[in-house]
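Here is how the chains run, residue by residue.
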Amino acid sequence: QVQLVESGGGLVQAGGSLRLSCAAAGRTFSRFRMGWFRQAPGKEREFVAAIIWSSGSTYYADSVKGRFTISRDNAKNTMYLQMNSLKPADTAVYYCAAVIDVGSGLSLSKTYDYWGQGTQVTVSS
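Computed from a predicted model, the values in this text were never measured in an experiment.

*Asks:* Please clarify how the environment of Leu-86 should be interpreted in this entry.
*Replies:* Mapped onto the elements, Leu-86 comes out in the loop between strand S8 (78-83) and strand S9 (92-100). Classification of Leu-86 as buried rests on a relative accessible area of 2%. C-alpha of Leu-86 to C-alpha of Ser-17: the two residues are 69 residues apart in sequence and 6.2 Å apart in space.

*Asks:* What is the right way to look at the state of the cysteines in this model?
*Replies:* Two cysteines, two sulfur atoms, one covalent bond between them: this is a disulfide. Taken as a whole and assessed by the stated rule, the structure comprises one disulfide. In this model, Cys-22 is linked to Cys-96 through a disulfide, with the two sulfur atoms separated by 2.1 Å. As the torsion about the S-S bond is roughly 60°, the Cys-22-Cys-96 disulfide counts as right-handed. With Cys-22 in strand S3 (residues 18-25) and Cys-96 in strand S9, the pair connects residues that are 74 residues apart, well separated along the chain. An identical accessibility class is assigned to Cys-22 and Cys-96; each is buried.

*Asks:* Looking at this structure, how should I read the sheet that holds S8?
*Replies:* Within a sheet, adjacent strands bond to each other through the backbone by hydrogen bonds, running parallel or antiparallel. Reading across the sheet, the four strands line up as S1-S3-S8-S7 and stay open at both edges, with antiparallel pairing between neighbours. Looking at strand neighbours, the two that pair on one side only are strand S1 (3-7) and strand S7 (68-73), the edges of this open sheet. Neighbouring strand axes in the sheet, compared pairwise and without regard to direction, differ in orientation by 15° on average. The sheet contact formed by S1 and S3 spans five bridges and is antiparallel. Considered in S3, the bridge of Glu-6 is made with Cys-22.

*Asks:* Explanation requested: the environment of Cys-22 in the structure shown.
*Replies:* The class of Cys-22 is buried, set by a relative accessible area of 0%. For the pair Cys-22 and Asp-101, spaced 79 residues apart in sequence, the C-alpha to C-alpha distance is 19 Å. Look past the residues within four positions of Cys-22 in its chain and what remains in contact with it is Leu-4, Val-5, Glu-6, Met-34, Trp-36, Asn-77, Thr-78, Met-79 and Cys-96.

Thresholds, definitions, all that
- Residues numbered from 1 in each chain as written.
- Predicted model: local features only at pLDDT ≥ 70, side-chain atom pairs only at ≥ 80, totals over all residues.
- Heavy atoms only, no water.
- Helix = DSSP H or I, 4+ residues; strand = E, 2+ residues; numbered from the N terminus.
- Buried < 20%, exposed > 50% of the residue type's maximum accessible area, 1.4 Å probe, protein only.
- Disulfide = S-S within 2.5 Å.
- Pairing = 2+ DSSP bridges.
- Axes fitted to C-alpha atoms, helices over the stretch in contact; angles between N-to-C directions.
- Contact = heavy atoms within 4.5 Å.

Put into structure tokens, the structure is as follows:
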């Protein structure tokens, strides 16, 4: 089993920054692909960013490219999402997700087998 626990959400003014963390436990992380998704009220869950644990290769949604950075710390088995220049449109519940040994489809929520509980990010104007 894989356990994912997010932290770091909160309330921030537009233009501010937050860093989300996703602590992972339970499996061999070198085979993980991990991602961040978000879901605003009344909207579909959408892809934010993904990272291949072994190589560090990263992928971003166009809406966050240049503002958000996904990274991982091998020693801590933790993934991060650094969010800068936040906008009210970034307000959502943010989820981390993981899947093992998949080659494609990292921007699709159905690809992932494991999910965290979510953390709320609210950006005020």
